[in-house]
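# Close look at the chain arrangement
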Amino acid sequence: MENQEPKLEESPHDEAPDQEPEQKKLKISTEGDEPASSAAVTAVSGGAERRLPKYKRRKVAIVFAFCGVGYQGMQKNPGAKTIEGELEEALFHAGAVPEADRNKPRQYEWARSARTDKGVSAVGQVVSGRFYVDPPGFVERLNSNLPDQIRVFGFKRVAPSFSSKKFCDRRRYVYLVPVFALDPCSHSEAEMARSDSGYEYVKCVECCEKGYKIPLGVFGKESVDDDGKSSEVQSDISSNNCGALKVETLSSNGEKTLNPDSEEEMTKSESKFCYGEKEMERFNRILSYYVGSHNFHNFTTRTKAADPAANRYILSFNANTVITLGGKDFVKCEVVGQSFMLHQIRKMIGLAVAVMRNYAPESVIQTAFKKDVRIVVPMAPEVGLYLDECFFTSYNKRFKVSHEEVSMEEYKEVAEEFKWKHVYSHIGSAEEKDGIVAIWLHSLNERNYPDLRVAEHKPDEVIVYKKIDAASEEKINEEEAAVKENANGAGELLLVSKVNDETSEEKNMEEGDRVEEKATE
C-alpha cells in the first residue's frame, strides 16, 4: 500500500494568493476635527492609490493684541466676558481645537505669558498650545472669528516643551499718564474756600468746566452736620505744596466769587504745566526707587509680606517719552520686570503720581518696601495701562538652531498700527469724555490715604492737639496748630499765632515749646 500524504487544510490565503491584505484604517484624532478627517481621504486615479497628507497638532506660540475695554481681564472666568474666552472660541471655529477638547484648555496645553486686569490692553501678548494650524491660512481663519479689537499677528512653531508662561523671561508694560496729573496745581485738593461763615465746600472748577461727575465718596468720608444731613466735610485746604487755590467761594446769597486770598496766585495757576527736563529728571528719580529686588506686599492684594511671591525684581522703570492724544500730552512710563502681581503696576504708578504732586514724600516708597509696615497705596485707573511686549531671551538662545525666534520683531509695524488705532485712541477718548484720571486725582488726599505722610514723622513721635488756657487766649486772636518740617526733616508741633502787636519769632517759638512740653506731661 502506497503511502499517501495527509491532506492539509487550505487556508483562505491560499485560495486567493494574489489578494492584497486589508488596508489599515486611518486614525482620526477626534470627531469634530474636520481638517484632519478631510485630509485622510484616499484618491484612486488610474488604478494607483494616492494618500493625502494627514494634519497633525503642532506646538505653536500665537502672538496677538487686544483692547481691554469691555472685558473682565485676560484670564477666563466663568460667567465673565474675557479675552481668553473669545480666543478659545475662535480657535475652535477655525479648526485648531477639536470638539472633544472644546472648553478643555489642559487637553491642548494652553498657557499665557501674562495676565491682565479688567480694562487693561495688550499689544504683545503670547499664548501657546498644541493646535491644528494646517492648512495654510490659520491666522486669517482666526481673525475672521474674532472682533476687531482682538487681532492675531502670527504664530511660531516652538519646541514641544515650550510654555509661554514658563519660558517668558521679562515683561514690559506701559502706562500713559496725562501730563496734567503730574502738576500739583491741576485738579488739586483745594475744594474748600474761606467765607464769612467759615470754610465752605465747592466743586472743582476744572471738572465742572469739563462736565465730569465726581462719584460720592471720592473726596473722603462723609459727616453729619447740625441739621442731621449728610455733607462732605474737609479738615484742611490743599495738602500739597501748590500755592494757587483755583476755587470759587459761595457767598450767602448764592453768588460765586473768587477767593481773595488766591487772586495773587491765579496767574501762576493758569500757567501751563510743562513736562520739561527738570520734571522728567524728578519723575525718573521717583520711578527709580522701584528698580531692583523689593518686597511689594503693599502694592498688591491678598499677598502677605512673609509670602515669597511678594518679592519681585524690576529691571527698569523710566518716563522719557511724551505723546499727544486728542490734544492732550501723555507721559509714557515703561516698566520692565520678570513678573508682576495683581494691581502692582497701577499701585506703583499711583504712589509715584502722589509723590510727584507733593502729597507724599519720596521716602514713603522705600518705607512701603518694609515687611513690618502696612501702607494703603493709591491705585491708578486701569485705562492707561497695556502690556507692550513679552521676551523669551533664554528660549531663543537655546533653540535658535532648531526653531524660530519668538519675538515681536516681525510684527512691529502691524503692532504699532493696532496700538494707535485701538489702544491709544481709547485712552485719549476715555480721558477726554469721562475724565477718569482727573476724577481719580481728587481722591489723593490725607483722608483717603492717611499713610502717605507717615515718613515725615519720627516713629516715636505723637502729635497732640491741646486746648490753650484762657490767659493765652487773651493775647492770641487767631490760633492754628500746624505741623512744620524743620531743617532735619523731622516733624514738630508748633503754635502758629497772630498777635495784635508785632510779636517776635522768638516768642512764638517759646510759646510753641511750652505747648509741646505740656502735651507730653
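Residues numbered from 1 in each chain as written. Predicted model: local features only at pLDDT ≥ 70, side-chain atom pairs only at ≥ 80, totals over all residues. Heavy atoms only, no water.

Going by an unreviewed UniProt entry, the protein chain carries the name (rape) hypothetical protein and comes from Brassica napus. UniProt, in its Subcellular location (unreviewed entry) section for the protein chain, records the words "Nucleus". We quote the UniProt Sequence similarities (unreviewed entry) comment for the protein chain here in full: "Belongs to the tRNA pseudouridine synthase TruA family." (UniProt positions renumbered as here; feature names shortened; annotations may be inferred.)

## Topic: the pattern of salt bridges
Evaluation of the coordinates by the stated rule reveals 17 salt bridges. Across the pair Arg57 and Asp101 runs a salt bridge, and its minimum N-O distance is 2.4 Å. Of the two residues, Arg57 sits in the loop between strand S2 (48-51) and strand S3 (58-66) while Asp101 sits in the loop between helix H3 (83-93) and strand S4 (111-112), which places them 44 residues apart along the sequence. For Asp101, a relative accessible area of 8% puts it in the buried group. Residue Arg172 pairs with Asp388 through a salt bridge whose shortest N-O separation is 2.9 Å. Pair noted here: Arg172 is in strand S7 (residues 170-178) and Asp388 is in strand S17 (residues 385-391), with a separation of 216 residues, a long-range link. (Salt bridge = Lys/Arg side-chain N within 4 Å of Asp/Glu carboxyl O. Helix = DSSP H or I, 4+ residues; strand = E, 2+ residues; numbered from the N terminus. Buried < 20%, exposed > 50% of the residue type's maximum accessible area, 1.4 Å probe, protein only.)

## Observations concerning helix H8 (residues 344-356)
Along an α-helix, residues three or four apart share an orientation, since each turn contains 3.6 residues. Along its 13 residues, H8 runs 18 Å from first to last C-alpha, staying within 8% of the 18 Å computed at 1.5 Å per residue. In terms of burial, H8 is largely enclosed, as 13 of its 13 residues are buried. (Expected span 1.5 Å × (residues − 1).)

## Remarks on the nonpolar core
Considering soluble globular proteins, one finds that nonpolar side chains tend to be buried as a cluster. Ranked by size, the top nonpolar core spans 105 residues in total, and within it Leu91, Phe131, Phe283 and Tyr290 carry the most contacts. Among the elements that take part in this core, H8 stands out by supplying nine residues, more than any other. Each of two domains, domain 1 (58-168) and domain 2 (277-385 + 423-448), supplies a minimum of three residues to this core. What Phe283 contacts, discounting residues up to four positions off in sequence, is Leu182, Tyr275, Ala319, Val331, Cys333, Ala352 and Met356. (Core = buried A, V, L, I, M, F, W, Y, C linked by side-chain atoms within 4.5 Å. Domains from an automatic or database assignment. Contact = heavy atoms within 4.5 Å.)

## Focus on the side chain of Ser121
Mapped onto the elements of the fold, Ser121 is located in strand S5 (residues 121-131). Excluding anything up to four places from it in sequence, Ser121 contacts Phe66, Cys67, Gly68, Thr116, Leu385, Tyr386, Leu387 and Val423.

## Section: the layout of surface pockets
In this approach a probe as big as a water molecule rolls over the atoms, and the regions it shows empty are the leftover space. The space that makes up the second largest pocket amounts to roughly 760 Å³. If you trace the second largest pocket, you find 31 residues lining it, with Arg115, Thr116, Phe340, Met341 and Leu342 closest to the centre. The set of elements that each furnish at least two residues to the lining of the second largest pocket consists of S7 and H8. Per-element accounting of the lining of the second largest pocket gives the leading share, three residues, to H8. Classifying every residue of the lining of the second largest pocket by side-chain character gives 10 nonpolar, 12 polar and nine charged. Three or more residues apiece are contributed to the lining of the second largest pocket by two domains, here domain 1 (58-168) and domain 2 (277-385 + 423-448). (1 Å grid on protein atoms, 1.4 Å probe; cavity = no way out; pocket = protein on both sides within 12 Å on 5 of 7 lines; lining within 4 Å. Points joined across faces, edges and corners; volume = space filled by probe spheres on them. Nonpolar A, V, L, I, M, F, W, Y, C, P; charged D, E, K, R; others polar.)

## Quick look at the UniProt feature "binding site: substrate" (unreviewed entry) in the protein chain
As recorded in UniProt, the feature "binding site: substrate" (unreviewed entry) lies at Tyr173. Counting through the fold element by element, Tyr173 comes out in strand S7. Accessibility expressed as a relative area gives 6% for Tyr173, which makes it buried. Apart from the residues within four sequence positions on either side, Tyr173 is in contact with Ala114, Arg115, Thr116, Cys333, Glu334, Val335, Phe340, Ile345, Leu385, Tyr386, Leu387 and Asp388. Separated by 3.5 Å, the side chain of Tyr173 and the backbone oxygen of Arg115 make a polar contact. (Polar contact = N/O pair within 3.5 Å; in protein donor to acceptor, adjacent residues only side chain to side chain.)

## Quick look at the environment of Ser429
Along the chain, Ser429 turns up in helix H11 (residues 412-434). Ser429 sits 103 residues away from Gly326 along the chain, and the two C-alpha atoms are 7.1 Å apart. A distance of 3.1 Å separates the side chain of Ser429 from the backbone oxygen of His426, its partner in a polar contact.

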